[in-house]
Amino acid sequence: MSGKPRLTYLNGRGRMESIRWLLAAAGVEFEEVYLETKEQYDKLIKDGFLLFQQVPLVEIDGMKMVQTRAIMSYIAGKYNLHGKDLKERALIDMYVEGISDLMQMILMFPFSPPDAKEKNLESIKERATNRYFPVFEKVLKQHGQDFLVGNKFSWADVQLIEAILAVEEKVPDVLSGFPQLQVFKTKMSNMPTIKKFLQPGSPRKPPPDAHYVETVLEVFKK
Amino acid sequence: MSAKPKLYYFDGRGKMESIRWLLAAAGVEFEEEFLETQDQYEKLLQGGSLLFQQVPMVEMDGMRMVQTRAILSYIAAKYNLYGKDLKERALIDMYVGGTDDLMGFILLFPFLSAEDKEKQRALIVQKATSRYFPVYEKVLKDHGQDFLVGNKFSWADVHLLEAILMVEEKKSDVLSGFPQLQAFKARISSIPAIKKFLEPGSQRKPVPDDKYVETVRRVLCMYYDVKAN
């Protein structure tokens, strides 16, 4: 195993994208292996790489890690992005889990049937503007600091900027009622590691398209 | 806020049950407030105690914690059930992720139509016996220790026992191909704090019934159909 973490997933966002964001934000270079066929996936399982027969898989520090949350917690812990004590960790976990519920809706969106797409888009917009964004708007307003937790850049900030950009791709004016989040978005986007990740040629993946959906269905078909 | 953690949820398992298990395993006494009416829920919402407008919510150590995973992680760390270092924590997180996915199939079971219930029961058993149980069986066989991680009782052990018992409620002989897990189940069940939790009169909740489903639907105005996975 090389020094760099190695990510195995499809060539697209899915559940791996948040991991790419976090590694990038931490300034960690990584390699990627892309699943393109069912045969590749079946071989990974047969060779015992996938603990629960699922990807994402991240080979890091001698471990074959699976389970998105476990992977991200490890990365956050290792690169000091998980708060300074148990209570900050609890806050970061709460924020990340909430954002992750919103991201789950976006994750599933490309796979919803055509007649449900409009309704699902409306749900994403409604949840973002009524349930999730107001929370972080308030957090930032109340403490007036640049970062969500402990006046220090953390996993929660990375997850939030990822979510903001993902929702904006679907609902371009979604931040119009959230001045704090607009400032937050600009600040985070200008942090050197994140700025680099947002430039063309980075490991960041584009929004899922029909080809991506096809590949997912093909690789994971029974 | 009292010294004891206070749990806000329905009078039933749902997403709060894993939290009850973990607190009990850690020997921590807790209080509970059960949501029975929509008004109660509205009151909690208006009062601003639900960060994302959802339960579970646990008041502890001056915090109003929400998000099941965040709550469980906090409790595990506070009571030394989270491994001795980052790598043990990673293993625990991976194992808990698996049992969590398995219990996810069971979580929505009570809300399914009778026909979907039968299909779901078969799916639960299939996932348990082909994807999840073999993993833990092998872990225990390979290291020959009593506990899943680091030769020490942890959150992963509590969560696995909870999952095993829940799947057994759907198929009583589901452990028949898993001798390590049978021994594990007996061993962990006899740990004093867990033994106490498994006795009648504890705060462990029974298998969800129609009354529970009715309560959840009423309180959350959740009258849409729930589809199986």
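No experiment lies behind these values; they were computed from the predicted model shown.

Quick notes on the rules
- Residues numbered from 1 in each chain as written.
- Chains lettered and ligands numbered in written order.
- Predicted model: local features only at pLDDT ≥ 70, side-chain atom pairs only at ≥ 80, totals over all residues.
- Heavy atoms only, no water.
- Axes fitted to C-alpha atoms, helices over the stretch in contact; angles between N-to-C directions.
- Helix = DSSP H or I, 4+ residues; strand = E, 2+ residues; numbered from the N terminus.
- Left-handed = near helix turned anticlockwise from the far one by under 90°.
- Contact = heavy atoms within 4.5 Å.
- Nonpolar A, V, L, I, M, F, W, Y, C, P; charged D, E, K, R; others polar.
- Domains from an automatic or database assignment.
- Salt bridge = Lys/Arg side-chain N within 4 Å of Asp/Glu carboxyl O.
- Polar contact = N/O pair within 3.5 Å; in protein donor to acceptor, adjacent residues only side chain to side chain.
- Buried area = accessible area lost by both parts, 1.4 Å probe.
- 1 Å grid on protein atoms, 1.4 Å probe; cavity = no way out; pocket = protein on both sides within 12 Å on 5 of 7 lines; lining within 4 Å.
- Points joined across faces, edges and corners; volume = space filled by probe spheres on them.
- Pairing = 2+ DSSP bridges.

Asker: Talk me through the packing of helix α5 (residues 114-143) of chain B against helix α6 (residues 155-170) of chain B; I want residue IDs and the actual numbers.
Answerer: Residue and element names in this part refer to chain B. Between α5 and α6, the least distance of the axes is 10 Å, while the angle of their chain directions is 145 degrees. Considering only the axes of α5 and α6, their crossing is left-handed. Here R121, I124, A128, F133 and Y136 of α5 come into contact with α6, specifically with L160, I164, V167 and K170. A class-by-class count of the residues in the contact of α5 with α6 yields seven nonpolar, no polar and two charged.

Asker: Tell me about the domain arrangement of chain B, and please be specific about residues and values.
Answerer: Residues and elements named next belong to chain B. In terms of domains, chain B is made up of domain 1 (6-79 + 198-220) and domain 2 (86-191). The salt bridge involving R13 is made with E169; its shortest N-O contact spans 2.8 Å. Connecting domain 1 to domain 2 are three residue pairs in polar contact (both at pLDDT 80 or more). Secondary structure elements with two or more residues in the side of domain 1 that touches domain 2: α1 (17-25), α3 (68-78) and α9 (210-220). Examining the composition of the side of domain 1 that touches domain 2, we find that five residues originate from one element, α1, more than from any other. Partitioned by chemical class, the residues of the side of domain 1 that touches domain 2 number 11 nonpolar, three polar and six charged.

Asker: Which residues make up the domain arrangement of chain A, and what values do they have?
Answerer: Residues and elements named next belong to chain A. Under the domain assignment, chain A is made up of domain 1 (6-79 + 198-220) and domain 2 (86-190). A C-alpha centroid distance of 22 Å is found between domain 1 and domain 2. Taken together, the contact between domain 1 and domain 2 spans 20 residues of the former and 14 residues of the latter. For the domain 1 face of the interface with domain 2, the top three residues by lost area are R15, W21 and R69, together amounting to 30%.

Asker: Outline empty space enclosed by the protein, listing residues and values.
Answerer: Taken as a whole, this structure holds two cavities of 30 Å³ or more when the rule is applied. Looking at the largest cavity, its volume works out to about 130 Å³. Those elements giving two or more residues to the lining of the largest cavity turn out to be α3 (68-78) and α4 (86-108) of chain A together with α3 and α4 (86-107) of chain B. Of the volumes computed, that of the second largest cavity is approximately 30 Å³. Lining the second largest cavity we find L86(A), R89(A), A90(A), D93(A), A70(B), S73(B) and Y74(B).

Asker: Quick rundown of the pattern of salt bridges? Include the residues and the values.
Answerer: Residue and element names in this part refer to chain A. Within this structure, the stated rule accounts for 36 salt bridges over all chains. A salt bridge links D85 to K84, with the nearest nitrogen and oxygen atoms 3.7 Å apart. Through salt bridges with shared partners, a single network forms among E17, R20, E32 and K205.

Asker: Explain the sheet that holds strand β3 (residues 57-60) of chain B to me, using residue names and the numbers behind them.
Answerer: Residue and element names in this part refer to chain B. Read from one edge to the other, the open sheet built from four strands follows the order β2-β1-β3-β4, with strand pairing classed as mixed. Sheet topology places β2 (31-34) and β4 (63-66) at the edges, where each strand pairs with a single neighbour. Sheet twist, expressed as the mean angle between neighbouring strand axes with direction ignored, is 20 degrees. As judged from the four bridges shared by strand β1 (residues 6-9) and β2, these two strands associate in the parallel manner.

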